[in-house]
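A look at the structure
The lines below spell out each chain.
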Amino acid sequence: MGNSLKAILAFVPSNKCQKYLLEDLEEMPVDKMVDLSGRQMRRLPVHICSFRELVKLYLSDNNLNHLPPELEQLQNLQILALDFNNFKALPLVVCTLKQLCILYLGNNKLCSLPLELRLLQNLKTLWIESNCLQYLPEVVCELSLLKTLHAGSNALRSLPRQLQGLQELRTIWLSGNLLSEFPPVLLDMPFLEVIDVDRNSIRFFPSLAHLSGLKLMIYDHNPCRNAPKVAKGVRRVGRWSEESPEPRKRSGAVIDITLDEKPLLPPATKAEPE
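Definitions and cut-offs
Residues numbered from 1 in each chain as written. Predicted model: local features only at pLDDT ≥ 70, side-chain atom pairs only at ≥ 80, totals over all residues. Heavy atoms only, no water. Helix = DSSP H or I, 4+ residues; strand = E, 2+ residues; numbered from the N terminus. Buried < 20%, exposed > 50% of the residue type's maximum accessible area, 1.4 Å probe, protein only. Contact = heavy atoms within 4.5 Å. Salt bridge = Lys/Arg side-chain N within 4 Å of Asp/Glu carboxyl O. Phe/Tyr/Trp six-rings, centres within 6.5 Å; stacked < 30°, edge-to-face > 60°. Core = buried A, V, L, I, M, F, W, Y, C linked by side-chain atoms within 4.5 Å. Domains from an automatic or database assignment.

Under the annotation held in an unreviewed UniProt entry, the protein chain carries the name LRC10 protein and is attributed to Nesospiza acunhae.

If you want it as structure tokens, here you go:
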């Protein structure tokens, strides 16, 4: 079925057209997963909400900007992918899905997140990259089991102090934001394993040697004058990392060193709940 035909049928509310759009997906899949990514949908067929044992629902790369209230019926849902859509606000019905472990919201038009997000106390992975966030919503700091936070490619200038309360957080991706200094709150989070502040405007890095859990520090493409000091065994990716020493001053001038290549970001493949 061509994309243009899908786009037309997405507007037609009749059951016949909606079933055609779903390609005869009438019964609950054996693997408890439904993938409707890339189907040009402008609304989610309500029929999907009848699959009450559904565990994974992928709606990526559509034209969605709202979700039906019937989505609340999917109380067993653990993974929900809403990335690459047209959401300007997170539908509140998502916050009723209390078993969610992984939520993909990247590449939308979100400027904030609702306070109701705090109801998702089982959430372990949150992707909010490539939105319109000028600040990290403090409600994120109430997700006590959060392990991975991907907030890259927004317009963040700082992080809230409350973030240090996320004792389970291990990975934070902040590349492509507007950070002019290394976020001070991260200095009080020794449990972090991966910190990515690539492509920001950080000019000076404090010592990170006391962060006992740190395994990888990515700080490339910043106008920094020094490399962050880290504990032995921690991999650094950026100017003057392990592969090349920090510059030596000669006659008051700093000798520049060739940038190292940044490793691949987490794969686009949707993750499984732990």
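Our next topic: the overall build of the protein chain. When its secondary structure is counted, the protein chain shows two helices and twelve strands. In the protein chain, the succession of α and β elements from N to C terminus is α-α-β-β-β-β-β-β-β-β-β-β-β-β. For the protein chain, with 274 residues in total, the buried portion stands at 47%. For the protein chain, the share of sequence-separated contacts (at least 6 apart) that also reach a separation of at least 24 residues comes to 27%.

Here we come to the pattern of salt bridges. This structure, assessed with the given rule, holds five salt bridges. Across the pair D188 and R161 runs a salt bridge, and its minimum N-O distance is 2.6 Å. Residue D188 is located in the loop between β7 (171–173) and β8 (194–196), and its partner R161 is located in the loop between β6 (148–150) and β7; the two are separated by 27 residues in the primary sequence. On the basis of relative accessible area, R161 is assigned to the partly exposed category, the value being 40%. A salt bridge links K215 to E193; the nearest nitrogen and oxygen atoms lie 3.9 Å apart.

Tracing the chain through its elements places L110 in the loop between β4 (102–104) and β5 (125–127). With relative accessibility at 2%, the residue L110 sits in the buried group. For L110 and C132, which are 22 residues apart along the polypeptide, the C-alpha to C-alpha distance reads 5.4 Å. Setting aside chain neighbours within four positions, we find L110 in contact with F87, K88, A89, L90, L105, N131, C132 and L133.

Working definition: an aromatic ring pair is given by the centre-to-centre distance plus the angle between the planes. Inspection of every chain in the model, using the stated rule, returns three aromatic pairs. Summarising the aromatic geometry, the rings of Y104 and W127 are spaced 5.6 Å apart at their centres and angled 55 degrees between planes, so their arrangement reads as tilted. Highlighted residues: Y104 in strand β4 and W127 in strand β5, separated in sequence by 23 residues. The same class applies to Y104 and to W127, which are both buried.

Moving on, we get to the nonpolar core. Ranked by size, the top nonpolar core spans 69 residues in total, and within it L126 and L186 carry the most contacts. Residue-level mapping places this core at the junction of two domains, with at least three residues from each of domain 1 (31–106) and domain 2 (133–243). Excluding anything up to four places from it in sequence, L186 contacts L159, L163, I172, L174, L192, I195 and L211. Counting residues in hydrophobic clusters, the runner-up holds seven residues, among them I79, A81, C101 and W127.

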